[in-house]
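Next come the chains, spelled out residue by residue.
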Amino acid sequence: MKNNHKIIAANWKMNGSEELIKEFSKFAPEKHNDIIICPPFTLLDSAKTLLPSFIKIGAQNCSEKNNGPFTGEISASMLQEKSVTHVLIGHSERRTLFNETDDVIYKKAEAAICSKLTPIICIGETLLEKKANKTLQVLDYQIDGSVAKINPHEKFIVAYEPIWAIGTGLIPNENEIKETHLHIKTKLSQNFNTDIPILYGGSANAENCSQITSIKNVGGLLVGGASLNQHDFLAICNC
Ligand code: PEP
């Protein structure tokens, strides 16, 4: 059965401009889904000023530290001062390109929670792991090393993003999404009483969004490439 209220989060990665923010300033989806746009740090102020107020603003990363000699880092409390409400943590690009481990991801999620931000914690398997039938094992390992250590009373979101589906145009089939989301939900229910939203991410677009969001236990979408086009993203927010 389709759950009507979804979370649709946009990950702009290292893309976007003041112009793009302006294009989104009249963004008006018909459906009342929760929309979060995560632009690069440098566009956070413009996003807050120019985007419609129903759109929540997210960051794409934060430091695990609060302040100090960490050149180039930005803390969760600094993001909170910019009216950021959400932060992506442990995106696969951070894991692979910036060597973020599950322990670092847990510490970043804690730092975010301490600053009253909602972390969106990303997990997902590589193609090799999928081919070796290790998807559920990898998800368990990632959850145990990061998400499961979070205080059960805190609010957070999980994004299941198969790494092989990110930016490739490939997506898992319906049964695979159903299986992974049920698995994550069941695993989280061992530690957390409340329903943790579980987003799907990886090549979600205007064409496949309705099908994906109608799958049981899919609480919404984390969208990369398709979120940079306002018409596509509007269609996704209306799914
Ligand atoms: C992402 O990078 O989080 C993502 C989902 O990207 P894409 O939608 O482009 O696959």
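Residues numbered from 1 in each chain as written. Predicted model: local features only at pLDDT ≥ 70, side-chain atom pairs only at ≥ 80, totals over all residues. Heavy atoms only, no water.

Caption draft 1: Fine view of the state of the cysteines. Tallying each qualifying case throughout the model produces zero disulfides. With no disulfide of its own, Cys237 has Cys239 as its nearest cysteine by sulfur position, at a separation of 7.8 Å. Not engaged in a disulfide, the cysteine Cys239 finds its nearest cysteine sulfur in Cys209; these two sulfurs lie 3.8 Å apart. With relative accessibility at 5%, the residue Cys239 sits in the buried group. (Disulfide = S-S within 2.5 Å. Buried < 20%, exposed > 50% of the residue type's maximum accessible area, 1.4 Å probe, protein only.)

Caption draft 2: The arrangement of helix H10 (residues 230–237) in detail. When we look at burial in H10, the residues that qualify are Phe233, Ile236 and Cys237. The buried residues of H10 all sit within an arc of 95° when viewed along its axis, so they share a single face. (Helix = DSSP H or I, 4+ residues; strand = E, 2+ residues; numbered from the N terminus. Arc of directions from axis to C-beta.)

Caption draft 3: Region of the structure containing the pattern of salt bridges. Scanning the entire structure with this criterion turns up twelve salt bridges. One salt bridge connects Glu93 with Lys13, and the closest N-O pair in it is separated by 2.8 Å. Linking Glu93 in helix H4 (residues 92–97) with Lys13 in the loop between strand E1 (7–11) and helix H1 (18–23), this pair joins segments that are 80 residues apart in sequence. The class for Glu93 is partly exposed, based on a relative accessible area of 27%. Looking at Lys13, the relative accessible area reads 22%, which means it is partly exposed. Between Lys185 and Asp195 there is a salt bridge whose closest N-O contact spans 3.3 Å. Here the residue Lys185 occupies a position in helix H8 (residues 174–189), and Asp195 occupies one in the loop between H8 and strand E7 (198–201), the gap between them amounting to ten residues. Look at Asp195 and you get exposed, because its relative accessible area is 63%. Sharing partners across several salt bridges, the network here consists of Arg94, Glu100 and Lys108. (Salt bridge = Lys/Arg side-chain N within 4 Å of Asp/Glu carboxyl O.)

Caption draft 4: Broad picture of the site of the ligand. Taken together, 14 residues lie around the ligand, and Lys13, His91, Glu161, Gly167 and Ser203 are the ones closest in. In this structure, an oxygen atom belonging to the ligand sits 2.8 Å away from a side-chain N or O atom of His91. In this structure, Gly167 approaches the ligand through a main-chain N or O atom, which is 2.7 Å from an oxygen atom. Within the complex, 95% of the 290 Å² of free accessible area of the ligand lies under protein. Each residue belonging to the shell around the ligand can be placed in one class, and the counts come to four nonpolar, eight polar and two charged. (Near = heavy atom within 4 Å. Polar contact = N/O pair within 3.5 Å; in protein donor to acceptor, adjacent residues only side chain to side chain. Areas by Shrake-Rupley, 256 points an atom, 1.4 Å probe, with all protein chains shown as cover. Nonpolar A, V, L, I, M, F, W, Y, C, P; charged D, E, K, R; others polar.)

Caption draft 5: Summary view of the packing of aromatic side chains. One pass over the full model with this rule turns up six aromatic pairs. Seen in terms of ring centroids, Phe24 and Phe233 are 6.3 Å apart; in terms of plane orientation they differ by 55°. Their pairing is tilted. With Phe24 in the loop between H1 and strand E2 (34–38) and Phe233 in helix H10, this pair connects stretches of sequence that are 209 residues apart. Neither residue differs from the other here; Phe24 and Phe233 are each classed as buried. Connected via pairs of aromatic rings, a cluster forms that spans Trp12, Phe24, Phe27 and Phe233. (Phe/Tyr/Trp six-rings, centres within 6.5 Å; stacked < 30°, edge-to-face > 60°.)

Caption draft 6: Looking closely at unusual backbone geometry. For Lys116, which is not a glycine, the phi torsion comes out positive at approximately 65°. Tracing the sequence through the fold places Lys116 in the loop between helix H5 (102–114) and strand E5 (118–123). Judged by relative accessible area, which is 69%, Lys116 ranks as exposed. In this structure, Ser203 takes a positive phi of about 60° despite not being glycine. Mapped onto the secondary structure, Ser203 falls in the loop between E7 and helix H9 (209–213).

Caption draft 7: Broad picture of the pairing of strand E6 (residues 157–160). Burial along E6 is two-sided: the residues Ile157 and Ala159 and Val158 and Tyr160 are all buried. Relative to E6, E5 runs parallel, the two being bridged by four bridges. In the strand pairing of E6, Ile123 is matched with Tyr160. Here three bridges tie E6 to E7, and the two strands are oriented parallel to one another. Its bridge partner being in E7, Ala159 is matched across the sheet by Leu199. In this view, the connection linking E6 to its parallel neighbour E7 by way of H8 has right-handed handedness. (Pairing = 2+ DSSP bridges. Right-handed = clockwise from strand over helix to strand, strands pointing away.)

Honestly, it's all geometry; don't read function into it.
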